[in-house]
Each structure stands twice: as C-alpha cells, then as structure tokens.
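# Structural overview
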Amino acid sequence: MTILLIEDGTPFPAALLSTLRSLGMAHETVASAGSAQTYLYAKSLPDVLLLDRRKPSSECDALFADLTSNPLFKRLPLILVQPTAAELKSKAGDLSATAEATASFDHLLRSIERVLFKP
C-alpha cells in the first residue's frame, strides 16, 4: 500500500514517516501541490493521499479542487492535514500544546489506518 504525502511547504515529521514504514506502508513524498498533480497524472495512483494544508496556498487549493472534481480521483481516499489548535498555540508559545500535538498525531495515524485497512 502506498501513501502519497503532499507537503506543500511544511515537511511532515520524521516520526510520521518512520511510523508509516514500521506499519509496512510505503510512501512517496512530493514537496508541493503542483508536483503532486504531475505525479498523479504521470504515475499509477497511490492507495491514499495525505495533503498538508497547514500552510494553505493557491496551488494547494487548485489541487484540492482537481481531486474533488475529477472523476479519475473519485475513489482515491484523501486525508487533509489542517492546522491544529496545538500548532496555533505553539506558535503563540503555549506549553500545553505538546500533549495536543501528540493526540493529533495519533488521530492522523488512526485515520490513515481506517482508510487503508477498512473491512
């Protein structure tokens, strides 16, 4: 099973990549939404897309519009990574953000597992 990680400006944590590998999930990473569009039209489709929208951009918005409107991608699972309250708090210097970030990371992993391993 392959996950395409679309970073679009913010690298995914090494812990996520390591955890995906330990769960036996292959992943490929592209650095931008534009690179993701090139990948999706040139190669075979991954099993799931993980789109980072923590730093929204017009390129990211265009990719999202393409993914949700193009019949080619209709059955392709898409997981959006939005900015969390913890990320917003950490930017403001709130020390309680660490526990929330850990919880959101666990939630992200459960979402990936649900999509890939649904009965």
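Refer to the structure above for everything that follows.
These lines cover the structure that appears in this document, whether it is placed above or below.

## Re the packing of helix α2 (residues 33–42) against helix α3 (residues 58–69)
One way to put it is that α2 packs onto α3 with a least axis distance of 8 Å and a crossing angle of 30°. Judged by the inter-axis angle, α2 sits roughly parallel to α3. Within the contact between the two elements, α2 uses A33, G34, A36, Q37, L40 and Y41 and α3 uses E59, C60, A62, L63, D66 and L67. Among the residues forming the contact of α2 with α3, the class breakdown is eight nonpolar, two polar and two charged.

## Points about the packing of aromatic side chains
For the structure on display, the rule yields one aromatic pair. The interplanar angle of 75° and the centroid separation of 5.5 Å between the aromatic rings of Y41 and F73 together place this pair among those described as edge-to-face. With Y41 in helix α2 and F73 in the loop between α3 and β4 (78–81), the pair connects residues that are 32 residues apart, well separated along the chain. Note on Y41: relative accessible area 47%, which makes it partly exposed.

What counts, and where the lines are drawn
Residues numbered from 1 in each chain as written. Predicted model: local features only at pLDDT ≥ 70, side-chain atom pairs only at ≥ 80, totals over all residues. Heavy atoms only, no water. Axes fitted to C-alpha atoms, helices over the stretch in contact; angles between N-to-C directions. Helix = DSSP H or I, 4+ residues; strand = E, 2+ residues; numbered from the N terminus. Parallel < 35°, antiparallel > 145°, perpendicular 65-115°, else oblique. Contact = heavy atoms within 4.5 Å. Nonpolar A, V, L, I, M, F, W, Y, C, P; charged D, E, K, R; others polar. Phe/Tyr/Trp six-rings, centres within 6.5 Å; stacked < 30°, edge-to-face > 60°. Buried < 20%, exposed > 50% of the residue type's maximum accessible area, 1.4 Å probe, protein only.

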